[in-house]
Amino acid sequence: DKHVTGVQTCALPILQLLPFVFLFGTLAAFVGLGRRSELIAMRTAGVSAWRFVLPAAGFAFLFGVLTVTALGPAASAADGLFQRERSRLSGSAAGADAAQAVWIREGDDARQMVIRADRQDRAGGRLLGVTFFIYVNDGEGLRTFSERIDAQSASLSAGRWRLVDAVGAQIGQRAVRYATLDLPSSLADDEAFERFARPQATSFWSLPAQIARVENAGFSSTAYALRLQQLLATPLMFAAMSILAAAFSLRLMRLGDLARMSAAAVVLGFAFFFVNQAASAFGSAEVIPAWLAAWLPPLLTALAAFTLLFYTEDG
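Residues numbered from 1 in each chain as written. Predicted model: local features only at pLDDT ≥ 70, side-chain atom pairs only at ≥ 80, totals over all residues. Heavy atoms only, no water.

(A) Representation of the overall build of the protein chain within the structure. Check the secondary structure of the protein chain and you find 8 helices and 6 strands. Reading the protein chain from its N end, one meets helices and strands in the order α-α-α-β-β-β-β-β-β-α-α-α-α-α. Each of the 315 residues in the protein chain was classed as buried or not, and the buried ones make up 38%. If you take every contact in the protein chain between residues at least 6 apart in sequence, the share linking residues at least 24 apart comes to 58%. (Helix = DSSP H or I, 4+ residues; strand = E, 2+ residues; numbered from the N terminus. Buried < 20%, exposed > 50% of the residue type's maximum accessible area, 1.4 Å probe, protein only. Contact = heavy atoms within 4.5 Å.)

(B) Region of the structure containing the pairing of strand β5 (residues 160–170). Inspection of the sheet shows strand β4 (residues 143–157) paired to β5 by 10 bridges, in the antiparallel sense. Looking across to β5, one finds that S155 is bridged to R162. Adjacent in sequence and paired antiparallel, β4 and β5 are bridged by 2 residues, among which A158 carries a positive phi angle near 55°. Relative to strand β6 (residues 176–184), β5 is paired through 8 bridges, and the arrangement is antiparallel. Across the sheet, the residue bridging to V164 is T180, located in β6. Turn length for the β5-β6 hairpin, with the two strands adjacent in sequence and antiparallel, is 5 residues, and the turn residue G172 shows positive phi of about 80°. (Pairing = 2+ DSSP bridges.)

(C) Broad picture of the pattern of salt bridges. Taken as a whole and judged by the stated rule, the model has 5 salt bridges. Its salt-bridge partner being R160, residue D182 comes within 3.2 Å of it at the nearest N-O pair. One end of the pair, D182, is in strand β6; the other, R160, is in strand β5, and 22 residues separate them in sequence. The exposure class of D182 is partly exposed, given its relative accessible area of 37%. Of the charged contacts in the structure, one is a salt bridge between R177 and D165, with a shortest N-O distance of 3.3 Å. Remark: D165 occurs in strand β5 and R177 occurs in strand β6; sequence separation between them is 12 residues. By relative accessible area, which is 35% here, D165 ends up partly exposed. Sharing partners across several salt bridges, the network here consists of R160, R162 and D182. (Salt bridge = Lys/Arg side-chain N within 4 Å of Asp/Glu carboxyl O.)

(D) Quick peek at the packing of aromatic side chains. Per the stated rule, a full pass over the model turns up 8 aromatic pairs. Between F204 and W205 the ring centres are 5.1 Å apart and the planes differ by 75°, which places this aromatic pair in the edge-to-face class. Residue F204 is classed as buried on the basis of its relative accessible area, which comes to 16%. Within the aromatic cluster, the residues linked to one another by ring pairs are F22, F59, F63 and F238. (Phe/Tyr/Trp six-rings, centres within 6.5 Å; stacked < 30°, edge-to-face > 60°.)

(E) Inspection of the nonpolar core at higher detail. F30, F52, V53, I243, L250 and L309 are the most contacted members of the largest nonpolar core, which has 24 residues in total. Taken together, the elements giving at least two residues each to this core come down to α1 (2–35), α3 (49–90), α6 (234–255), α7 (258–284) and α8 (290–314). The biggest single contributor to this core is α6, with 9 residues. Among the nonpolar cores identified, the runner-up in size contains 19 residues, and I104, M113, I134 and L181 belong to it. (Core = buried A, V, L, I, M, F, W, Y, C linked by side-chain atoms within 4.5 Å.)

By themselves, these observations are geometric and do not establish any function.
Laid out in structure tokens, this is it:
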């Protein structure tokens, strides 16, 4: 468990810090070239800045693609392994999962059920301490509460819920007790025991299917859609950070002020972190669309990089 915990706590933060790796790495590379006068010699010979900036940006872009398609899924798998091991080790001896409420939503155009269970017993294939909130939809699409059913346990098999020791009550009617009660279900047998993985624990290749599953279950998929768009924007972010670092290093190298260049790099890093976190917060709160929250930071970084580089190169 210690090994799994170490993988989980290290893998994902490292991936989040990769944009800063390209920012400070590119700055360090160009500072080294400037100290050895190699960069000055190339500029004196009339070599355009684009000739040595674009290869660095191209490598950053390709590394971003590799991160999204291979390194990211590996980190997500490690995070998922940690979550499963932690749940297994914290479970009780009777085989029940950790005492955490389970929420499920299912239904169709005519009826919706919201199901809450105090805990789940995987060994027995049951949900324990279950409450069913049943809603019906009228012809105009309005949803009204119809019935509440409380049961000691519920198991899912063959397209139906089997409730044991249940008490049901409709609006304006007396409660009715059932020794057993069957309710139709559209869920597969194992879906009652599945928890939606956290967006950070879901790999790039699994996110589209996960988004569809979350939406079909009636929950908001904003966090997963934001995560997918952020992963798609990762290669552009890496390339933009490399170009921005190169542009700053070229501009400040002309001024011959290494201290200003170092300070500018730190300011750039904090500015990017603030914009990225603010955009993610707005996207998670659905203040702005998920695609805009994910693509805004890399686009702003790329525009700033190209503007500064054009100004430095062409005066």
